[in-house]
Amino acid sequence: MRRLFSGKKMLTFTYTGQFQNGKRHGQGRLECSDGSVYEGTFEHDQIWGRGKFTYADGCTYEGEVANGKAHGEGLYTWPEGSWHRGSFSNGVPSGKGFISYSDGRTYDGWWYQGKKSGRGIFTWPDGSRYEGMFADDVRSGKGRYTYPTGDVYEGDFLKDKPHGRGIETGDIGWRYEG
């Protein structure tokens, strides 16, 4: 059993699995006193390779890991039904990924340090769809937004809103440019 401080709370760990030269190495299971569990591979006493984290709050991550964190390709799930599949770096989405929210929204695109960043497609359950650039988790830059009515705005976005130059067209043929 090992002890570790997490904030002000002391956590204890119990490891069951393979050892090599007195260190955790190979397949193993690490149980934490807060209820979290890791099952997977260890290399030279580090969580490394492939495995599954089951967190005390009910979230899970299954996939590639390095230095005890999600790192590489994997699947993260939340208890209410949302999930994210894609690339992770140091425990957060980074690179190409797809997220499906429990309320029916989806995002397919690029991530940087846990936030939507770069080109992506966001859809809403009402049929709305945005395809374009994201920065710091919001629509930012050139994009195309299709309203549930079929009307379309194509142009610039800033802080998640149409901003600056753009063209809006209606499904019955009207057009506004400005």
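None of these values were measured; they are calculated from a predicted model. (Residues numbered from 1 in each chain as written. Predicted model: local features only at pLDDT ≥ 70, side-chain atom pairs only at ≥ 80, totals over all residues. Heavy atoms only, no water.)

Asks: Is there a simple way to think about the pattern of salt bridges in this case?
Replies: Side-chain pairs of opposite charge can arise whenever the charged atoms involved come near each other. One pass over the full model with this rule turns up 13 salt bridges. Between Arg29 and Glu39 there is a salt bridge; the shortest N-O distance is 3.1 Å. Of this pair, Arg29 sits in strand S3 (residues 23–32) while Glu39 sits in strand S4 (residues 37–43), and the two are 10 residues apart along the sequence. Its relative accessible area of 29% is what places Arg29 among the partly exposed residues. Judged by its relative accessible area of 43%, Glu39 is partly exposed. For Arg175, the salt bridge identified is with Glu177, shortest N-O distance 3.1 Å. A relative accessible area of 53% means that Arg175 is categorised as exposed. Given the relative accessible area of 44%, Glu177 is considered partly exposed. Among the charged side chains, a network of salt bridges with common partners joins Arg29, Glu31 and Glu39. (Salt bridge = Lys/Arg side-chain N within 4 Å of Asp/Glu carboxyl O. Helix = DSSP H or I, 4+ residues; strand = E, 2+ residues; numbered from the N terminus. Buried < 20%, exposed > 50% of the residue type's maximum accessible area, 1.4 Å probe, protein only.)

Asks: What exactly am I supposed to notice about the pairing of strand S6 (residues 60–66) here?
Replies: In the case of a regular strand, side chains alternate between the two sheet surfaces. Counting buried positions over the seven residues of S6 gives five, a clear majority of the element. Across six bridges, strand S5 (residues 46–54) lies against S6 in antiparallel orientation. Its bridge partner being in S6, Arg50 is matched across the sheet by Glu64. In this antiparallel pair of consecutive strands, S5 and S6, the connection spans five residues, and Gly58 shows a positive phi of 100°. Bridge analysis of S6 against strand S7 (residues 69–77) gives six bridges, and the strand direction is antiparallel. Among the inter-strand pairings, Val65 is bridged to a residue of S7, identified as Ala70. (Pairing = 2+ DSSP bridges.)

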